[in-house]
Amino acid sequence: MLRIGLALGGGSSKGLSHIGVLKALSENDIPIACISGTSMGAIIGAIYASSPDLAHLVELTKKFTASKTFQDLGLSVFKKEEEGRVQKIIHMIREKIFFAEALFKPYLVERKEINELIEEIIPDIDMDKTVIPFSTLSLDLITGMDVIKKKGSLREAVMSSMAIPGLFPYIEEADFLLVDGGSTSSIPVYATKTMGADVVIAVSLRGGLEKKHKPGTGLEIHLRIDEIVTTRLIESQVMKADIVIKPDVEDVHWADFSRFDYCIEKGYEAAELAIPRIQELVREKSSIRSRVKNFFSRKKTEKKILFQKVID
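Residues numbered from 1 in each chain as written. Predicted model: local features only at pLDDT ≥ 70, side-chain atom pairs only at ≥ 80, totals over all residues. Heavy atoms only, no water.

**Describing the nonpolar core**
Side chains of a nonpolar character, in soluble globular proteins, are inclined to be buried together.
Argument step 1. Counting residues in hydrophobic clusters, the biggest one holds 64 residues, and the most contacted among them are Leu6, Leu25 and Ile35.
Argument step 2. In terms of residue count, helix H11 (residues 260-286) provides more of this core than any other element does, nine residues in total.
Argument step 3. Among all residues touching Leu25, those that are not within four sequence positions of it are Leu6, Ile30, Ile32, Ile201, Ile275 and Ile278.
Argument step 4. Residues Ala7, Ile187, Val189 and Ala202 belong to the second largest nonpolar core, which totals 11 residues. (Core = buried A, V, L, I, M, F, W, Y, C linked by side-chain atoms within 4.5 Å. Buried < 20%, exposed > 50% of the residue type's maximum accessible area, 1.4 Å probe, protein only. Helix = DSSP H or I, 4+ residues; strand = E, 2+ residues; numbered from the N terminus. Contact = heavy atoms within 4.5 Å.)

**Quick look at the side chain of Gln308**
Argument step 1. Inspection of the secondary structure puts Gln308 in strand E9 (residues 308-311).
Argument step 2. Of the polar contacts made by the side chain of Gln308, one reaches the side chain of Asp146; its length is 3.5 Å.
Argument step 3. Apart from the residues within four sequence positions on either side, Gln308 is in contact with Leu137, Met145, Asp146, Ile148, Ser185 and Tyr190. (Polar contact = N/O pair within 3.5 Å; in protein donor to acceptor, adjacent residues only side chain to side chain.)

**Here we look at the pattern of salt bridges**
Where charged atoms of side chains with opposite charge meet at close range, the side chains can pair.
Argument step 1. Following the criterion strictly, the structure yields 13 salt bridges and no others.
Argument step 2. The partner of Glu156 in a salt bridge is Arg111, with the nearest N and O atoms 2.6 Å apart. Here Glu156, found in helix H7 (residues 154-161), pairs with Arg111, found in helix H6 (residues 111-121); they are 45 residues apart in sequence, far enough to count as distant.
Argument step 3. What makes Glu156 partly exposed here is its relative accessible area of 24%.
Argument step 4. Ionic pairing is found between Glu235 and Lys246, a salt bridge with its closest N-O pair at 4.0 Å. Residue Glu235 is found in helix H10 (residues 218-238), and its partner Lys246 is found in the loop between strand E8 (243-245) and H11; the two are separated by 11 residues along the sequence. (Salt bridge = Lys/Arg side-chain N within 4 Å of Asp/Glu carboxyl O.)

**Some details on a nonpolar patch on the surface**
Argument step 1. Taken together, the side chains of Ile221, Ile225 and Val229 define a hydrophobic patch exposed on the protein surface, amounting to about 250 Å² of accessible area.
Argument step 2. When you line up the elements, Ile225 lands in helix H10.
Argument step 3. A relative accessible area of 44% places Ile225 in the partly exposed class. (Patch = residues over 30% accessible without salt bridge, like charges linked within 9 Å, V, L, I, M, F, W, Y side chains within 5 Å. Areas by Shrake-Rupley, 256 points an atom, 1.4 Å probe, with all protein chains shown as cover.)

**Remarks on the confidence of the model for the protein**
Argument step 1. Confidence in the prediction for the protein averages 84 pLDDT; 81% of positions are at 70 or higher.
Argument step 2. Throughout residues 82-94 the model reports pLDDT below 50, and contacts reaching past four residues in sequence, or to other chains, amount to eight contacts. (pLDDT = per-residue confidence, 0-100.)

**A short note on the packing of helix H1 (residues 17-27) against helix H2 (residues 40-50)**
How two helices pack is summed up by the angle between their axes together with the distance between the axes.
Argument step 1. Remark: H1 packs on H2, axes separated minimally by 9 Å, with the N-to-C direction vectors making an angle of 40°. Regarding the angle of H1 to H2, the classification is oblique. In the packing of H1 onto H2, the handedness of the crossing is right-handed. Between H1 and H2, the residues in contact are His18, Ile19 and Leu22 and Gly41, Ile44 and Tyr48, respectively. (Axes fitted to C-alpha atoms, helices over the stretch in contact; angles between N-to-C directions. Parallel < 35°, antiparallel > 145°, perpendicular 65-115°, else oblique. Left-handed = near helix turned anticlockwise from the far one by under 90°.)

**Section: H6**
Argument step 1. Buried within H6 are the following residues: Ile114, Leu117, Ile118 and Ile121. Angularly, the buried residues of H6 cover 95° about the axis, an arc narrow enough to put them on a single face.
Argument step 2. Against H2, helix H3 (54-66), helix H4 (68-71) and H7 lie the buried residues of H6. (Arc of directions from axis to C-beta.)

**Focus on the environment of Ser135**
Argument step 1. When you line up the elements, Ser135 lands in strand E3 (residues 134-140).
Argument step 2. Note on Ser135: relative accessible area 0%, which makes it buried.
Argument step 3. Separated by 13 residues in sequence, Ser135 and Ile148 have C-alpha atoms that sit 6.6 Å apart.
Argument step 4. Setting aside its immediate chain neighbours within four residues, Ser135 contacts Ile35, Ser36, Gly37, Met127, Ile148, Lys149, Lys150, Ala191 and Met195.

**With respect to the packing of H2 against H7**
Argument step 1. Running from N to C, H2 and H7 point in directions that differ by 160°, and their axes come no closer than 9 Å. Classed by the angle they form, the pair H2 and H7 counts as roughly antiparallel. On the side of H2, the interface is formed by Ala42, Ile43, Ala46 and Ser50, while H7 contributes Leu154, Val158 and Ser161.
Argument step 2. Tallied by class, the residues present in the contact of H2 with H7 amount to five nonpolar, two polar and no charged. (Nonpolar A, V, L, I, M, F, W, Y, C, P; charged D, E, K, R; others polar.)

**Overview of H11**
Argument step 1. The first and last C-alpha atoms of H11 sit 36 Å apart over 27 residues, in line with the 39 Å expected at 1.5 Å per residue.
Argument step 2. Roughly 40° is the biggest bend found in H11, and it falls at Ala274, with proline Pro276 one to four residues downstream.
Argument step 3. All buried positions along H11 are accounted for by Phe260, Cys263, Ile264, Lys266, Gly267, Ala270, Ala271, Ala274, Ile275, Ile278, Leu281 and Lys285. (Expected span 1.5 Å × (residues − 1). Bend = angle between axes of the 7 residues up to and from the residue.)

Here's what the structure looks like:
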């Protein structure tokens, strides 16, 4: 039987749109054989892979984002809203204090706080015990490799994939120092392929490269170059997916979790538009001739990918 894999990208609050994508796929009887997630995609993916129940996923995620523990993380300091002059000054001061503190500490949120959050939503099981096979992707600060995890503690795997550098604590494991994999592999397409997916559906939450005014300082030039490199890297990875779903959530700030229903709706709309192409592709790849071709093609491509390490 044809195996359909889902690669859920990172994007913080934008990642709530993954729920809408899962809803559309379920309603249209698109069976998901495996899931891989990065950052917020790892959180949503882990919950759903453990218990493929959309009502449970929505309930748990809403409870998670509305909890006092989550609110106490202080992500709202990054959220920019329509505000008056005084509010803008207060926001600017808070943000500068926040970043100044980050200059002297490896992370700002303590491990205990992250543990409390994860324990509320992710079951305490090994990764090989999920209902749907699941993997996460993190970045190792020591070797520079993307680490794809398919075994071990599900909670630890999710924590390492959502460890935003400088904000959340990195995860020390064996010889690795793991952080959020979004910087180098925001959408885990390759990770999904390693799980034996014949068709990879990627959910991308990143927009294209924004056109900006001429940089005014050397720092702005370096930041712009970093943005260009990251965008190119992600686009080159997304191109390897069979289907790419792009929820229209560019207007949602990454730290704004108040637009819960809006993000789900946008994910649902984008997935619904992709359903005919998914169904067509499944029919094409299900033919005997295509399956034989895919088998030998997979054998040719089963080679070590640069900067990727699989733990299975």
